[in-house]
Amino acid sequence: MREKLKWLAVVLCLSLFAMMALGSGSSNSQDTKEIVTTDNSESQAGESSESQETTENSKSSTDITIDEQILIDQNDIVITATEYVSDSIWGDGIKLLVVNNSTQNITIGCTALIVNDYMISDLFATEVAAGKKANDTIYLSSSGLKAAGIDTVGQVEIYFHIYDSDSMDKIFDSDCVTIQTSEYANMDTTPNDAGTELYNEGGIRIVGKAVDENSFWGTAILLYCENTSGKNVGISVDDMSINGFMMNPIFSTTVYDGKKAIDDITIFSSDLEENGITAIEEVELKFHIYDADSYSTITDSDAITFSAQ
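Okay, so let's go over this structure. If you're wondering where the values come from, they're calculated on a predicted model, not measured in any experiment. (Residues numbered from 1 in each chain as written. Predicted model: local features only at pLDDT ≥ 70, side-chain atom pairs only at ≥ 80, totals over all residues. Heavy atoms only, no water.)

All right, on to the overall build of the chain then. For the chain, the helix and strand inventory stands at four helices and 22 strands. Residues counted as buried form 47% of the 309 residues belonging to the chain. The contacts in the chain between residues at least 6 apart in sequence include a share of 65% that link residues at least 24 apart. Looking at the chain as shown, the accessible area adds up to about 15500 Å², and 45% of this sits on carbon and sulfur atoms. (Helix = DSSP H or I, 4+ residues; strand = E, 2+ residues; numbered from the N terminus. Buried < 20%, exposed > 50% of the residue type's maximum accessible area, 1.4 Å probe, protein only. Contact = heavy atoms within 4.5 Å. Areas by Shrake-Rupley, 256 points an atom, 1.4 Å probe, with all protein chains shown as cover.)

What follows is the structure, given as structure tokens:
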């Protein structure tokens, strides 16, 4: 069982690496179009934080440092953040020392990773045998940082998930641990919300940013999501159609309370080809918003229609 899980992790990492190398989210090609509502309203969400100035003023990753600090000391497991690192392939990351003084073989992953208040995917899972230590690194998704407009990492928040490597039983989930880098005072928290507002109710705000017709899997609809509802929420889509044809999109994002996320709805090329769709003219969908902890429904939106130009 453990060997199968290890191979699954390898395949997953290779797939994620391929997506990072090729780029995820919207591209800079001519295939990327802006999202507009079908009533042609000027519902712009504000200026983008992806300005030329941020690139010029951003700190080099090699200049960023952190103070060594104990993040977790529980159940005979100690996790210490030792260093901020930057790798030419994997990108920026936080180096960890894990000491397992327990009698169980453990595996450590992340329930959530948040950078500068943005939910960011991570590439991290480390296994430590009973009585042993390990050095490993939580890498911050380069494509995720770029999509969020994060040039300089000022704060990293981590929710650890620790479980028994043999039985797969949970040992504990940590509270949020926070790491402030040497650039915390210069952290830019300007929302990267340029685009067309599609939904704004109950503290949940969703902005359509762009449609990329040449993404890794086919077509991607890039969204900015903001949560001030007081709850951790999950967002998915239902009843989605493109040019009047029903689609089977891939989209599920979790946004913790007070946080933001940049994520995209993926439409497979095969779905478009089967329906003879060569260009995205009109999109209709409903957002399903639910409590991320209990999975109970918070609300289902009315049908929302927009186009790409």
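From this point, the narrative continues.
Turning to the pattern of salt bridges, a few remarks are in order. Per the stated rule, a full pass over the model turns up eight salt bridges. Linking Asp173 and Lys170 is a salt bridge whose minimum nitrogen-to-oxygen distance equals 3.6 Å. Lys170 sits in the exposed class, given a relative accessible area of 55%. Its salt-bridge partner being Glu197, residue Arg205 comes within 2.8 Å of it at the nearest N-O pair. (Salt bridge = Lys/Arg side-chain N within 4 Å of Asp/Glu carboxyl O.)

Moving on, we get to unusual backbone geometry. Phi at Asp117 takes a positive value of approximately 75 degrees, unusual for a residue other than glycine. For Asp117, the position within the fold is in the loop between β5 (106-115) and β6 (118-119). Judged by its relative accessible area of 18%, Asp117 falls in the buried class. The phi angle at Asp239 is positive, at roughly 50 degrees, despite the residue not being glycine. Within the secondary structure, Asp239 is located in strand β16 (residues 233-242).

One face of the sheet, then the other: side chains in a regular strand alternate in exactly this way. Across the ten residues of β5, nine count as buried, placing the element largely inside the fold. One ladder, built from three bridges, connects β5 with strand β8 (residues 126-128); its direction is antiparallel. Directly across from Thr107, in β8, lies its bridge partner Glu127. Bridge count between β5 and strand β10 (residues 155-164): nine bridges; the pairing is antiparallel. If you follow Ile108 over to β10, its bridge partner there is Ile162. Alignment of β5 against β6, held across two bridges, turns out to be antiparallel. Residue pairing across strands places Ile114 opposite Met119, the latter belonging to β6. From the end of β5 to the start of β6, which pair antiparallel, there are two residues, and Asn116 there has a positive phi angle of about 50 degrees. (Pairing = 2+ DSSP bridges.)

Scanning all chains against the criterion turns up four aromatic pairs. Measuring from ring centre to ring centre gives 5.0 Å for Tyr159 and Tyr256, while their planes differ by 70 degrees; the resulting arrangement is edge-to-face. Pair noted here: Tyr159 is in strand β10 and Tyr256 is in the loop between β18 (252-255) and β19 (260-268), with a separation of 97 residues, a long-range link. For Tyr159, a relative accessible area of 21% puts it in the partly exposed group. Residue Tyr256 is classed as buried on the basis of its relative accessible area, which comes to 13%. Between the NZ or CZ atom of Lys260 and the centre of the ring of Tyr118, over which it lies, the distance is 5.4 Å. (Phe/Tyr/Trp six-rings, centres within 6.5 Å; stacked < 30°, edge-to-face > 60°. Lys NZ or Arg CZ within 6 Å of the ring centre and 35° of its normal.)

Take the nonpolar core next. Of all hydrophobic cores here, the largest spans 40 residues; its most connected members are Leu96, Val156, Ile158 and Phe160. By residue number, the principal contributor to this core is β5, which donates five residues. If you look at the next biggest cluster of nonpolar residues, it comprises 34 residues, including Tyr199, Ile206, Val237 and Ile265. (Core = buried A, V, L, I, M, F, W, Y, C linked by side-chain atoms within 4.5 Å.)

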